[in-house]
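Coordinates in review
Residues per chain are reported as follows:
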Amino acid sequence: MGRTQDFTYRMDRSENMVMASGAAYVKGITAMLFGLQPGSDPYNPEMGLFLPGKRFRAGANGVRDSEYENQIAYQFSRYTKIQATSIIAFQKDGRYIVSFSAIFDDSIYDMRITTDPNSLNVLIQERS
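All residue numbers here refer to positions counted from 1 along the written sequence of the relevant chain. A pLDDT threshold of at least 70 governs which residues receive local features in this predicted model, and a stricter bar of 80 or more applies before side-chain atom pairs are shown or counted, although totals over entire chains, interfaces and linings include all residues. Think of the side-chain values as coming from all heavy atoms in the structure, minus any hydrogens and water.

Observations regarding the pattern of salt bridges
- For this document, the term salt bridge refers to a Lys or Arg side-chain nitrogen within 4 Å of an Asp or Glu carboxyl oxygen. Under the defined criterion, the tally for this structure stands at 3 salt bridges.
- Where Asp-110 meets Arg-127, a salt bridge forms, and the shortest distance between an N and an O atom there is 2.9 Å. Placement of the pair is Asp-110 in strand S5 (residues 107–116) and Arg-127 in the segment after strand S6 (119–126), with a sequence separation of 17 residues. Strands here are runs of E lasting at least two residues and helices are runs of H or I lasting at least four, both read from the DSSP assignment and numbered beginning at the N terminus.

Thoughts on the packing of aromatic side chains
- Think of it this way: a Phe, Tyr or Trp ring, Trp meaning its six-membered ring, pairs with another when their centres are within 6.5 Å, and the plane angle makes it stacked under 30 degrees, edge-to-face over 60, tilted otherwise. Tallied over the full model, the rule gives 5 aromatic pairs.
- Relative to Phe-76, the ring of Phe-34 has its centre 6.2 Å away and its plane inclined at 50°; by these criteria the two rings are tilted. One end of the pair, Phe-34, is in helix H1 (residues 23–35); the other, Phe-76, is in helix H2 (residues 66–79), and 42 residues separate them in sequence.
- Think of it in three bands: with a 1.4 Å probe and only protein chains considered, a residue is buried below 20% of the maximum accessible area for its type, exposed above 50%, and partly exposed in between. By relative accessible area, which is 0% here, Phe-34 ends up buried.
- Looking at Phe-76, the relative accessible area reads 0%, which means it is buried.
- Through a chain of ring-to-ring contacts, three or more aromatic side chains come together here, namely Phe-34, Phe-76 and Phe-100.
- Cation placement over rings: the criterion is NZ of Lys or CZ of Arg within 6 Å of the ring centroid and within 35° of the ring normal. A cation over an aromatic ring shows up here: Lys-54 above the ring of Tyr-68, its NZ or CZ 4.3 Å from the ring centre.

Side note on the pairing of S6
- Strands are treated as partners if at least two bridges between them are detected by DSSP. Here 8 bridges tie S5 to S6, and the two strands are oriented antiparallel to one another. The residue bridging Arg-112 from the neighbouring strand is Leu-123, located in S6.
- Linking S5 back to S6 in an antiparallel pair, the connection comprises 2 residues.

Okay, here's the thing in C-alpha cells:
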C-alpha cells in the first residue's frame, strides 16, 4: 500500500499548505471524524462521530458504550484507510473518553480522544 498524505492547516515559509503523513495524518483524520456532526457532509451524510455531543447524553458513569464503539469501528472502516481496534468508549465525570489502537501503513498508534467544554483533544503515540 502506498503512503497516504493529506493537507494540514499549517503553512510553510512559502505559504504552501504542509502535507501530513504518518502520525500527523492519522491524528488529522481522527480529529475530523470525531469532530464532524453527521449530516454535515452532503456526499456522505452518515459520516461523523461528533464526540462533543456525547457529553450531554445520559448514561452511567464509567460504563462502556458498546453502541458507540461499534459506530467508531464502522466509521473508520467505511471512510478511512485506518483500522481501529481495541476500542473503548465511556463517560466519566462529565467527560467522554475514547481510546483505541489505530493501524495504518504498517504502524500502530495508541489514540486517546477526550472532550472538554470547549475542545476536542486527540492524543496519539506511535508504538515502537
